[in-house]
Amino acid sequence: MSILQAVNIKKIYKSRMGSNQIEALSSINFSVESGEFVAIMGESGSGKSTMLNILAALDAPTSGEVFLDGINFSNIKEKERAAFRRNNLGFVFQDFNLLDTFTLEDNILLPLVLSQTGYDEMQTRLQPIAKSLGILEFLKKYPYEVSGGQKQRAAVARALITNPKLLLADEPTGALDSKASVKLLDKFEEINQSGQTILMVTHSVKAASHASRVLFIKDGLVYHQIYKGDSTKEEMYKKINDALTSMLSGGEDCE
Amino acid sequence: MNKNMYGKMAIDNIRKSKKLYLPYLLTIIGSIMFFYILSSISANNYIHNPATNREAFKGAEFLCRVLRTGKSVTALFAVIFLFYANSFILKNQKKQLGLYRVLGMERGHMVRLLAWEILCLYGIGLIGGMVLGILFDKLMLVFLFRIIEQKAPVGFYFSQTGVINSIILAISIAIVLLLRSTISILKAKDIELLKSDQTGEKEPKNRLFLALSGMVVLLIGYTMALKINNSYEGIMNFFPAAFMVIIATYILFTAGSIVVLKFLKKRKKFYYTTRHFISVSGLLYRMKQNAAGLATICVLSTSAVIVLAAGASLYANGERSIQEMYPREVFVKVQGDALEKTNQIMEEQLTSHGVSDEENISAVYGTGFFALTDTGITANMDNYFTGFDTMPDLYVFTLEEYNRIYGTEEILGEQEILLYSSNQLYTKDTLEYQGVTYQVKGRAKSDCLDYIADSSMSLFSKMILVVPSQAVYDSFINEKEETSSTITYVAFNLSGSNEVEQEFITDLKASFEEKMKNSDVRYKEDERDEFYSMYGGILFIGIILGILFLMSTVMIIYYKQISEGYDDRERFVIMRKVGLSQKEIQQTIHSQILLVFFLPLVTAILHATVALKIVSKCMGMVVLVHMPTFIISFLVTCFIFSVIYVVVYKFTSRSYYHIVNES
C-alpha cells in the first residue's frame, strides 16, 4: 500500500513583476510504499527542495495533488496544517534546526509538547528513542555543547518521537563528517528495517546507496529510478554513479 | 578611487537601514530641540536681562535659573540616552564592518566610515533639532508663560546662545561617540566583528544568593522610604532609598528573573505544556540579554512618573499654597513689639493713597529655637540639625495678647499656661522650663497660626504657648539673645483699584524700610507671580524631562523590539518547521513580549507608589503639600504614562511581528 502519492505536481514561481515565470517542477509523479526507504537525487536547481517543501506541506503546488495515507493535502485547512504536519510527518534538516534555547531533551520533546502530550508519556517515548540513537547521556546538554553527529541524531529523535507516518530528511548528512554520516545512515537503515518509511533528499551517492530505491529528478521531472533489490551497498553505489553520469552527459546534450 | 566614497557609503548605510537609524536620529533631533528651547528661553533677555537686571515679572530671574538647571539636566540625559542608542547601532555596524574587513578594508578606513556616519547623523540631527527648536521655541514659550500665568511676549525670537549651545552639545556628543566606536572597532578581532551578533548563548547561571540580596536591598529601600516621620528624615533618606531601589531593580531584573524562571522550568508538569514551554525557555534567554535594558526602562519610567506627578501637584495646588502663606492681600512683619508704630505707618499710607484696609488681623508674639525635653522644653540648641522631632517651632503669646486676638476672657494663674502642639508632639499636663513647672490649663486655639506667615511650612512641628504675664513671656523670649525674638504681624485686605494698590504697596514698603529696621512687607499679587514662576518653571522642566524620559523609553523599547525580532526570527522559523502554527507562534510571541515590556511599567508604578510618602515629605521642605491633590496628580500621571506606554508598545511590537514573520 502506498503511503505517499504525488500526482502531477507542478510548481511555477513568478518573479516579483510577474513577467518572468520559472518552472521549478513541471510534472512530478511518484509514490512511496509503506516501509520503503526512498532517496531522491538531483543537481542543485533541479527542484528537489521545492518538492520537499511541497511534500512537507510547507508550500503548496501550483497544480497537482499530494496524498499522505489517502489524505489529500489540499483539503487540509491552513489552521490544521501545523497539527497535521506535527502528527504525520517527521523532519530532519541539513543544518539540524535545533533551538539553542533548549536542551537536546527539550528539543526532542518539542513536538510532543505542542501536541499537548502528558509529561509522563513524553518520558516513556523519549527513553527508547534516545537509547537507540545513542544520545541518552547528552539529553541534558545544549546544542552548542555537542558534536554535529549528536545534534543530527537528536534531530532524528525529534522527528521520530511523534511516530510519524513518513520521515522526511533533507540532506541529513550535508553538515556531517564522513564518519558521522555513515553512523547516521546506518541508523536510518535500522529505523527503516523496524518499519519506518523514509524519504530522503540528498546529493551524496553514498547516502543514497543506503536507500531501497533512488529517484532522480532533472528539470522538474522524475527522470529515472533505481531499485536496490538484492544488490549490495557497493553495487548500489555503482548503479547510482552510472545513472548520474549518464544523466549528466544527457543533460549536457540537452543544453 | 572616488575621494568621497566613505561619505557616500555612510549615507547609503543610513538610508538602507532606516529601521535602525531613524529612531536614533529622532532621539538626536529631539534632544537638540529641547536643549535649544531651554537654552533659548533661559537666555531670553525679555524675561530677564542679566546686564540691567530687569525682570519681566517677579521671580523671572529665578525662573531662568531653574531653566538653566533644566538645560544641563537635559544635556546630561541626552548624552546617556544617545550613548545607549549608539551601542545598538554599534552592534550592527560591527557585523557590517566585519564583512568589509574580510573584503580587505583597513581599520583606518573603517574609522573614516564611522566618522562619516556620525557626521551625517549628528549633522542632520543638529540641523533638524535646531530648526524644530526654533519653530517650537515660541510655542513652548507661550506654554511656559501660560503655566506661570504671565502674558507671553509678542514676536519671533531667534536665540544665538541657543544655537551656539546646541552646536557645542552636538559636537561634543559626536566626538565622544566617535572615540568610543573607534576604540571598540580597533579592539575587536576580525572574527569577532563578523560574528558579533551570534556569540554562543550559554544558559544563564542561577544566582539565588544575588537575587535574595536584591530582594533584601529592595525591602530596605522601601522601608527607608516608608518609615519617615518628617521632611528632614525625608530629605535624609531620599537619596539612599532611591539608590537602593535602583540597585535592587537592576539586581532583581537580572538575577531575580532568572531564579523565578529556573524554578518554573524545574516544575516539569508546568513547564512541558505548549503555553509555557516556549515562553519560559525563551524568556530565560531574553532576560539574560535584556534585563539591564528593562531595568533602565523601569528606573526611567519611575523618575518620569515621580517628576511629573510632583510638578503637577505643586502647580495644581498653587492657589491653595498661596492662600496658606498669605491669608490676606498684604502682610507686614516687624521685629519687636511695635504694633502701635506699625499701625501708625500703615494708617499714614492708607490715608494718603485713599485706600482702606479690611479684615485687619494683627498679633504680637515671640518665637525662637527650643528643644523638647522629657518634662518640658529648653532653649538648648545642641540638637538643631539632628533632632527634628524634638525641635518644634514655638510661638509664645501673652494672655493679654491672646485675649485681644480672640476676644476671649481667659484667666490664667501665675504658673498656668494654655498649650497647643501639632502632631501630638507634646501631650503632658505640665511643662517645665528653666526650673519652673507650669500647669497646662487648657488647649490654646491654633488658628492664630494662620496669622503667622511661616516660611518653614510643615517642616517642623508647631507649638503655641499662652503665658499668664509679660514677665513669664520675657523668661521665654529674650531679645538680647539671638535665638529668640518678638515679632509684630499685621495682615489685611485692600479695597481699591489694582494700580492704586500697587502704588500703595510701593510707598508702604519704602516707608517701613525707612522707619523700622528688619521689616518685611509682602503683597500677595507679587508673591503669586513669584510663586508661579518658581513652580511653573519647575513643572515646565518636569514636563520637558518627562517627555525626554518617555522619548528615551520609547527608543529603548523600540531597539529592544527590533534587536529581539532579529534574534527570534530564526527560532520561530524552526518552530514552524517542527509544527507550530502561525497562530500559536503569534500567541507565544504575544505573551512573551507582553510580560517583558509590561514588567518595567508595573514595577515603575509600584516603585512610584512606595515613593509617594517620601516624595511628599521632601516637597514639604519647600512647599505645603496637599496630599489629595498630590495623589490625584500621581494617579493621573500614572494613567497618562501607561496609555503612552501601551501605545508605544503597540506601535513597536508591530515592527517586531513584521521582522519575525519575514520569511
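Residues numbered from 1 in each chain as written. Chains lettered and ligands numbered in written order. Predicted model: local features only at pLDDT ≥ 70, side-chain atom pairs only at ≥ 80, totals over all residues. Heavy atoms only, no water.

1. Some points on the side chain of B:His607
All names here are of chain B.
- Note on placement: His607 falls in helix α17 (residues 582-620).
- Here Tyr222 takes part through its side chain, which lies 2.7 Å from a polar atom of the side chain of His607.
- Look past the residues within four positions of His607 in its chain and what remains in contact with it is Leu218, Tyr222, Val245, Thr249, Cys298 and Thr302. (Helix = DSSP H or I, 4+ residues; strand = E, 2+ residues; numbered from the N terminus. Polar contact = N/O pair within 3.5 Å; in protein donor to acceptor, adjacent residues only side chain to side chain. Contact = heavy atoms within 4.5 Å.)

2. Concerning the pattern of salt bridges
Residues and elements named next belong to chain A.
- According to the stated counting rule, one finds 15 salt bridges over all chains in the structure shown.
- As a salt-bridge pair, Glu189 and Lys233 come within 3.2 Å of each other at their nearest N and O atoms. Highlighted residues: Glu189 in helix α6 (residues 178-193) and Lys233 in helix α8 (residues 233-254), separated in sequence by 44 residues.
- We classify Glu189 as buried; its relative accessible area is 14%.
- Overall, Lys233 belongs to the partly exposed group, its relative accessible area being 30%. (Salt bridge = Lys/Arg side-chain N within 4 Å of Asp/Glu carboxyl O. Buried < 20%, exposed > 50% of the residue type's maximum accessible area, 1.4 Å probe, protein only.)

3. Some details on the pairing of strand β12 (residues 484-495) of chain B
Residues and elements named next belong to chain B.
- Of all the twelve residues making up β12, eleven are buried; the element is thus mostly covered by neighbouring parts of the structure.
- Examined bridge by bridge, strand β3 (residues 330-335) and β12 share six bridges and lie antiparallel to one another. Its bridge partner being in β12, Phe331 is matched across the sheet by Ala491.
- Taken together, the eleven bridges between strand β4 (residues 356-369) and β12 define a ladder with antiparallel strand orientation. Bridging from a neighbouring strand, Ala363 pairs with Tyr489 of β12. (Pairing = 2+ DSSP bridges.)

4. Points about the packing of helix α5 (residues 148-160) of chain A against α6(A)
Residues and elements named next belong to chain A.
- For the pair α5 and α6, the least separation of the axes is 10 Å and the interaxial angle reads 20°. On the basis of the axis angle, α5 is roughly parallel to α6. In this structure, α5 meets α6 at a crossing whose hand is right-handed. Contact with α5, carried on its side by Gly149, Gln152, Arg153, Val156 and Leu160, involves Ala180, Lys183, Leu184, Phe188 and Ile191 of α6 and no other residues of that element.
- Grouping the amino acids of the contact of α5 with α6 by side-chain chemistry returns six nonpolar, two polar and two charged. (Axes fitted to C-alpha atoms, helices over the stretch in contact; angles between N-to-C directions. Parallel < 35°, antiparallel > 145°, perpendicular 65-115°, else oblique. Left-handed = near helix turned anticlockwise from the far one by under 90°. Nonpolar A, V, L, I, M, F, W, Y, C, P; charged D, E, K, R; others polar.)

5. Describing the confidence of the model for chain B
All names here are of chain B.
- Of the residues in chain B, 92% reach a pLDDT of 70 or more, and the chain-wide mean stands at 80.
- When mean pLDDT is taken per element in chain B, helix α7 (residues 208-226) scores highest with 93 and helix α6 (residues 190-194) scores lowest with 63.
- Predicted confidence is poor over residues 196-200, with pLDDT under 50, and the contacts of this stretch with residues over four places away or in other chains come to four contacts.
- The complex model carries a pTM of 0.71, and its ipTM stands at 0.76. (pLDDT = per-residue confidence, 0-100.)

6. Observations concerning the interface of chain B and chain A
- Each partner contributes residues to the interface: chain B has 24 residues there, and chain A has 28 residues.
- Residue B:Lys269 is joined to A:Asp120 by a salt bridge in which the shortest nitrogen-to-oxygen separation is 4.0 Å.
- Between the two partners, chain B and chain A, sit three residue pairs in polar contact (both at pLDDT 80 or more).
- Of all the secondary structure elements, the ones that give two or more residues to the side of chain B that touches chain A are α9 (268-271), α10 (274-316) and α16 (524-578) of chain B.
- When residues in the side of chain B that touches chain A are grouped by element, the largest group, six residues, is from α16(B).
- Partitioning the side of chain B that touches chain A into residue classes produces nine nonpolar, five polar and ten charged.

7. Describing a nonpolar patch on the surface
- Together, B:Ile632, B:Val636, B:Phe639, B:Ile640, B:Val643, B:Ile644 and B:Val647 give the surface a local cluster of nonpolar side chains, amounting to about 630 Å² of exposed area.
- The topology assignment puts B:Val647 in helix α18 (residues 627-661). (Patch = residues over 30% accessible without salt bridge, like charges linked within 9 Å, V, L, I, M, F, W, Y side chains within 5 Å. Areas by Shrake-Rupley, 256 points an atom, 1.4 Å probe, with all protein chains shown as cover.)

8. Thoughts on the packing of aromatic side chains
- This model, assessed by the stated rule, comprises 20 aromatic pairs over all chains.
- Ring centres of B:Phe143 and B:Phe540 lie 6.1 Å apart, and the angle between their planes is 50°; on these two criteria the pair is classed as tilted. Within this pair, whereas B:Phe143 is found in helix α4 (residues 107-147), its partner B:Phe540 is found in helix α16, the two being separated by 397 residues in sequence.
- Judged by relative accessible area, B:Phe540 falls into the buried class, the value being 0%.
- Within the aromatic cluster, the residues linked to one another by ring pairs are A:Phe102, A:Tyr119, B:Tyr271, B:Tyr272 and B:Phe277. (Phe/Tyr/Trp six-rings, centres within 6.5 Å; stacked < 30°, edge-to-face > 60°.)

9. Thoughts on the state of the cysteines
- Tallying each qualifying case throughout the model produces zero disulfides over all chains.
- There is no disulfide at B:Cys298, and the cysteine sulfur nearest it, in B:Cys638, is 12 Å away. (Disulfide = S-S within 2.5 Å.)

10. Details of unusual backbone geometry
All names here are of chain A.
- Despite not being glycine, Asn163 shows a phi value in the positive range, around 50°.
- Position of Asn163 relative to the elements: it lies in the loop between α5 and β7 (166-170).
- Classification of Asn163 by relative accessible area gives exposed; the value is 55%.
- We note that Asp219 has phi near 50°; this positive angle belongs to a residue other than glycine.
- Mapped onto the elements, Asp219 comes out in the loop between β9 (213-218) and β10 (221-227).

11. Comments concerning α16(B)
All names here are of chain B.
- With 55 residues, α16 extends 76 Å from end C-alpha to end C-alpha; this agrees with the ideal 81 Å at 1.5 Å per step.
- If you look at α16, its biggest bend is around 35°, right at Asp568.
- With its phi angle positive at about 120°, Gly579 sits one or two positions after the end of α16. (Expected span 1.5 Å × (residues − 1). Bend = angle between axes of the 7 residues up to and from the residue.)

12. Details of the packing of α17(B) against α18(B)
Residue and element names in this part refer to chain B.
- Contact geometry of α17 with α18 gives a least axis separation of 10 Å together with a crossing angle of 155°. With respect to their mutual orientation, α17 and α18 come out roughly antiparallel. For the element pair α17 and α18, the recorded crossing hand is right-handed.
- Split into classes, the residues belonging to the contact of α17 with α18 amount to 23 nonpolar, seven polar and no charged.

13. A word on the nonpolar core
- Membership of the largest hydrophobic core comes to 206 residues, with the highest contact counts inside it found for A:Phe188, A:Ile240, B:Tyr24, B:Tyr122 and B:Tyr559.
- It is α16(B) that provides the largest number of residues to this core, a total of 21 residues.
- Sequence-distant contacts of B:Tyr24, that is, excluding residues within four places in its chain, are made with B:Leu82, B:Ala85, B:Asn86, B:Ile89, B:Leu121, B:Tyr122, B:Leu177 and B:Tyr559.
- Core analysis: the next-biggest nonpolar cluster, separate from the first, contains 30 residues, A:Ile9, A:Met51, A:Phe84 and A:Leu199 among them. (Core = buried A, V, L, I, M, F, W, Y, C linked by side-chain atoms within 4.5 Å.)

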